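The lines below spell out each chain.
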4 protein chains.
Amino acid sequence: MIVVMRRGATPQEVRQVEERLRELGFATHPIVGVERTVIGAVGNRRDDLMEQVANLPGVERVVPVLRPYKLVAREVKEETTTIRVGDVVIGGPEVVVIAGPCAVESEVQLLTTAKAVKEAGAHLLRGGAFKPRTSPYSFQGLGLEGLKLLAQAREVTGLPVVTEVLDTRDVELVARYADVLQVGARNMQNFRLLQEVGQSGKPVLLKRGLAATVEEWLLAAEYIAATGNQQIILCERGIRTYETSLRNTLDISAVPLVKELSHLPIIVDPSHATGNQRMVLPLARAAVAAGADGLMIEVHPDPARALSDGPQSLTPAQFSRLMEELRRVALAVGRHSLPQVSLSCQAR
Amino acid sequence: MIVVMRRGATPQEVRQVEERLRELGFATHPIVGVERTVIGAVGNRRDDLMEQVANLPGVERVVPVLRPYKLVAREVKEETTTIRVGDVVIGGPEVVVIAGPCAVESEVQLLTTAKAVKEAGAHLLRGGAFKPRTSPYSFQGLGLEGLKLLAQAREVTGLPVVTEVLDTRDVELVARYADVLQVGARNMQNFRLLQEVGQSGKPVLLKRGLAATVEEWLLAAEYIAATGNQQIILCERGIRTYETSLRNTLDISAVPLVKELSHLPIIVDPSHATGNQRMVLPLARAAVAAGADGLMIEVHPDPARALSDGPQSLTPAQFSRLMEELRRVALAVGRHSLPQVSLSCQAR
Amino acid sequence: MIVVMRRGATPQEVRQVEERLRELGFATHPIVGVERTVIGAVGNRRDDLMEQVANLPGVERVVPVLRPYKLVAREVKEETTTIRVGDVVIGGPEVVVIAGPCAVESEVQLLTTAKAVKEAGAHLLRGGAFKPRTSPYSFQGLGLEGLKLLAQAREVTGLPVVTEVLDTRDVELVARYADVLQVGARNMQNFRLLQEVGQSGKPVLLKRGLAATVEEWLLAAEYIAATGNQQIILCERGIRTYETSLRNTLDISAVPLVKELSHLPIIVDPSHATGNQRMVLPLARAAVAAGADGLMIEVHPDPARALSDGPQSLTPAQFSRLMEELRRVALAVGRHSLPQVSLSCQAR
Amino acid sequence: MIVVMRRGATPQEVRQVEERLRELGFATHPIVGVERTVIGAVGNRRDDLMEQVANLPGVERVVPVLRPYKLVAREVKEETTTIRVGDVVIGGPEVVVIAGPCAVESEVQLLTTAKAVKEAGAHLLRGGAFKPRTSPYSFQGLGLEGLKLLAQAREVTGLPVVTEVLDTRDVELVARYADVLQVGARNMQNFRLLQEVGQSGKPVLLKRGLAATVEEWLLAAEYIAATGNQQIILCERGIRTYETSLRNTLDISAVPLVKELSHLPIIVDPSHATGNQRMVLPLARAAVAAGADGLMIEVHPDPARALSDGPQSLTPAQFSRLMEELRRVALAVGRHSLPQVSLSCQAR
């Protein structure tokens, strides 16, 4: 770390900081500047130690040099991690699409959607059985019954299932039914839940918190990785900013940035990012063009009667148009998506 | 709710929306404007129904009229809720001060701090046994041992104890040792945890989420209230904005705003709001002047060796100066704080 | 507008609001709800009148129904506005690329860059003669000399020139040398400047303010349009959010959103949006995939010696690779870019 | 500055960076760490040079050590700058109150307000003659006529006048009528305007930009100071955040923070910060308690008919109650406000 001393810090204060740093196991390199002295401290990063040093007399601030996360950093693992779910590989050349309803509402609703998205070329099925709702008076999900319907939909379509878990007490149950455990934006810093899903041994889809920095997001992934489970799929789903014309602001830059900082695959959820189905297609194309490894798209057979997130859901017909367009963009950026692609290529 | 139709929506689209609204149990009042038609829909607010209607053909947007929360709204309960913890009343004329270390580190550290803050006039003792830390490599708290030390500190000082609970599985345990259960900013929308702490029957201190709107915060409180437990203390602790000179941005306006919207008491945590001990005193004074019912202040006997949040912790000496200043401001705004006050008044 | 009365507003308060609304020329439609009364007021939107009504006794809030901008709204003009600059058409099927250095530094620097970007297929040349710098101690631009060098570069390359104007007093001068006048993010609400550039009769490139909503941005465009000049190119260049890993946050959603709300063309500046040259290529591709009508890209022959914005500038070699990639994405989304495109198509 | 090299940067890259730094006039101190090498560079801060170095091969990032502003920094001038306007001293022990209407609307409106605020104890009169309005269709101010009315109000009441200037071309005119020139939030980075108002020799009230960091704000003040005019009053007026329950978010922490970083006086404008007159009183009290040197308050004789900002304007009666409360808070924090204070003290 770099310790920046206050202008006018006394030599004694500088000495005390150096002593404390050495006591904490750092090698120190003071640099006396025109206005300020800075002390380079060589050793492992420990955020709590930085806080302590920041508090010593005469210290203005402490600047970290090393990254706070290790296991998930690209620096320690060059090649992108690939995650296999059934026959699907996330993080490989293919752009993977996870589609389905926001919430599982009924057998008919789920199966209709599942068949339609399978038909259109989706790779995985999404659907919420436990729903985190801002209002206690909104539909909270079907719970266990929802999980059973998801398993049934997998039976019928062969699509692996992604579903959210809200509570450490439910991890074991959800893991029994789901192929990928989703940790939602609101729980990105629910550290106990991160540890539990990590220990489940299942692949984890980790959504970015509503106001999480990329660094905090990667540290949340580090909590999972620290359990020995590195099957982590990061999902950018829009952040909260001052702009309220749409539900959230899709942080598209997070895609290339995360690819630079981490070896984990990253996908994008344009449905939650905008809350507006008319924005889903252009932003899905943008995500692929930016280098995303996949997409998560909400689809509902009758959005106007959806119990949750209707305004951002595509109809099956809109979804299959979207898949067609995505194939073209994927090819343009050197990715591909589904067998159909090669066909549609020859068709050209 | 008010349904705003798109410019150029067809009479048939308007009719369909009206029909759907009536089907959903609303009385409808269409208003044909110069450019747009709007439909007033009279009935109870249901956010999921608003989403459905927003998705009908020809609809531009839906504007809610009623507030989404009910039990915690000032509209339904004029007088401010007061919460009794031991002999302390939160939400009354007195400005209540909760003080202590960020994390419980040792018997000596906790007891020294507890005695010092008691001495200076604090009303409750704070201290974290389970710590939510951004990095998995930071100190995570002493857990059960920390809870026992808190109980011991209560024995010694008579101060009721406030401590955070992170996991639904720990609620019962923590409730056995603590007088007030704290739900931290990162868990404000951990809805299962809200329900569990609500059912514990203990008073709950609910911190505002890092990027939570006041409305979302009150809806989180509504989750607790819906369990039948209205002993909820709201705590403003700074929000995340683009400004990074300090850790967070203290949203001081939330104090008078919450007082207008809700009957629940609200306190302010200037320590977490700034992450800088030099800012704690002026902002604590500001919070009292703005009408806060109390304060939460971090105090540590040796901040430069604190295992957590040293930079924002006051020394016992700084804390007792702060208490003196708060008394003067409290009196100036018609509140008071502790017996000592009357004395210091006569002293004048 | 819709006037929402407070819960418990008296019939007399409702009557007074209705009277005032009629006095202001609105037709009123009161709707008595379960908890609240709302009053629909039919007439033209006037934000100052909304403020007045919001202030009447018993009023909780006023909700606008109509959009505050008119001339730039898609509602009043279906087809996208196309702007011709020399032989270039902005807003048409072609994706237009504006490239050049952040600041004009010297004849050699500018001409080298201009020739290189022309070579690579850029349509317009950018370069700052008057630079708005956060610090008074940073390079402020060459001023008039810079304008002359831009004109010279146009001579040599045939590329029309885009440059920024900072001061109402400079508009006439800059208009004498430039083909397109740029209003920078910091001046988006410098309303006098907007009026002056509008009156210049030149096409205007209007950058989005650092924290401007899309609505405020379109209202700034409305200021220009109100002078009778509708040759306005909107430019998304990143907004300020809590996320600081990159300089700004590119609001990619603004592209499809603006296309829905306005008939004006919109381009994207990934260089300023990220401040990091490694992010420029993926985000430029994303912008085209999202439907942008063009791009603004910073190019410098020797970024490590640039007097401004070096970290985000591409070298000529990087820029020509970018152009190649953009062509593929443009084709994939049904746009095209430059003659070379057709060739590269046949090449396939 | 501190140059942090990428992990795995080659010795040659490190050497090249050192050479470049020395070429730029810095003394270099390389520190070889476990994972990374950092280079301490001693010399004057130049942001453009930092950008150049950040762009050299092998460099991860550059961390500034020195503050970018000099003239306005507390570091270079211990004592707070006091600014005399007529008999009023801003930055001294007294809490100074600037009050008046948002916009000058008419002789009656302005004089009524001016007399009322004088009566209640205000020190200066505010009123806008040139109004920056988001919409081109809103009232834009009376211009010259407004300036004349302000001068007339000063005649009648003896209150010095503060008014905003929007355009470099108007500075001379406005300076002829006003005692203090206001630069509004939207023009905080209108650098030409900053230079012009600086050269006018008049005291300048510099509002913080809507999304300006404290550092950018002080750099804007530095632009003024660099003209030789250090009579600068900083005004915190709320920043833009994700929270929209009120118009802006008052950044109360900016008060103690600015006092630490700069010797310039700082005042607070709770009217614009909230856009809601019910919030003005508690936040005005908070500002004084936080250590503000003054307040700027909007007052209108008939807010419900104000042509601008009615919802946040106090009536004269509300304003004089506010003054009474402020006096008590000012005394509690060791400040005072107006002769009346001493009286009201004896009254106790």
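What you see is a predicted model; the values in this text were computed from it and never measured.

All names here are of chain B. If you walk through the whole model with that rule in mind, you get 4 aromatic pairs over all chains. Here the aromatic rings of Phe191 and Tyr223 are separated by 4.5 Å at their centres, their planes lie at 25°, and the arrangement is stacked. Taken together, the residues span a long stretch of sequence, with Phe191 in helix H6 (residues 191–199) and Tyr223 in helix H7 (residues 214–225) at a distance of 32 residues. On the basis of relative accessibility, which here comes to 6%, the residue Phe191 falls in the buried class.

For the rest of this paragraph, the subject is the packing of H6(B) against H7(B). For any two helices packed against each other, one specifies the crossing angle of their axes together with the interaxial distance. All names here are of chain B. Running from N to C, H6 and H7 cross one another at 45°; their axes reach a closest spacing of 7 Å. Taken together, the axis directions place H6 and H7 in an arrangement best described as oblique. Both H6 and H7 take part in a crossing whose hand is right-handed. Where H6 abuts H7, its residues Phe191, Leu194, Gln195, Val197 and Gly198 lie against Ala220, Tyr223 and Ile224. Across the contact of H6 with H7, the residue classes break down as 6 nonpolar, 2 polar and no charged.

Here Gln52(D) lies in helix H2 (residues 47–54). When sequence neighbours within four positions are dropped, the list of residues in contact with Gln52(D) reads Ala304(C), Arg305(C), Ala306(C), Leu307(C), Arg20(D) and Leu24(D).

In this structure's numbering, the residues bearing the UniProt feature "domain: DAHP synthetase I/KDSA" (unreviewed entry) are residues 87–326 of chain A. Across residues 87–326 of chain A, helical content stands at 39% and strand content at 15%; the span's end C-alpha atoms are separated by 20 Å.

Once chain A is rotated about the relating axis by 180° and shifted along it by 0.0 Å, it coincides with chain C to within an RMSD of 0.0 Å. This pairing of chains is accounted for by a two-fold axis. Closest approach to the rotation axis within chain A is made by the C-alpha atom of Ala286(A), at a distance of 2.1 Å. Residue by residue, 100% of the interface of chain A is reproduced at the interface of chain C, so both copies engage with the same surface.

All right, on to the interface of chain A and chain C then. Counting residues at the interface gives 36 residues for chain A and 36 residues for chain C. Summed over both partners, the interface of chain A with chain C buries about 2,800 Å², with 64% contributed by carbon and sulfur atoms. Between Arg208(A) and Glu243(C) there is a salt bridge, with its nearest N and O atoms 2.8 Å apart. Inspection of the chain A/chain C interface yields 12 residue pairs in polar contact (both at pLDDT 80 or more). Mapped by element, the contributors of at least two residues to the side of chain A that touches chain C are helix H8 (254–261), helix H10 (277–290) and helix H11 (316–332) of chain A. In terms of residue class, the side of chain A that touches chain C is made up of 20 nonpolar, 8 polar and 8 charged.

What counts, and where the lines are drawn
- Residues numbered from 1 in each chain as written.
- Chains lettered and ligands numbered in written order.
- Predicted model: local features only at pLDDT ≥ 70, side-chain atom pairs only at ≥ 80, totals over all residues.
- Heavy atoms only, no water.
- Phe/Tyr/Trp six-rings, centres within 6.5 Å; stacked < 30°, edge-to-face > 60°.
- Helix = DSSP H or I, 4+ residues; strand = E, 2+ residues; numbered from the N terminus.
- Buried < 20%, exposed > 50% of the residue type's maximum accessible area, 1.4 Å probe, protein only.
- Axes fitted to C-alpha atoms, helices over the stretch in contact; angles between N-to-C directions.
- Parallel < 35°, antiparallel > 145°, perpendicular 65-115°, else oblique.
- Left-handed = near helix turned anticlockwise from the far one by under 90°.
- Contact = heavy atoms within 4.5 Å.
- Nonpolar A, V, L, I, M, F, W, Y, C, P; charged D, E, K, R; others polar.
- UniProt positions renumbered as here; feature names shortened; annotations may be inferred.
- Least-squares fit on C-alpha atoms with pLDDT ≥ 70 in both.
- Buried area = accessible area lost by both parts, 1.4 Å probe.
- Salt bridge = Lys/Arg side-chain N within 4 Å of Asp/Glu carboxyl O.
- Polar contact = N/O pair within 3.5 Å; in protein donor to acceptor, adjacent residues only side chain to side chain.

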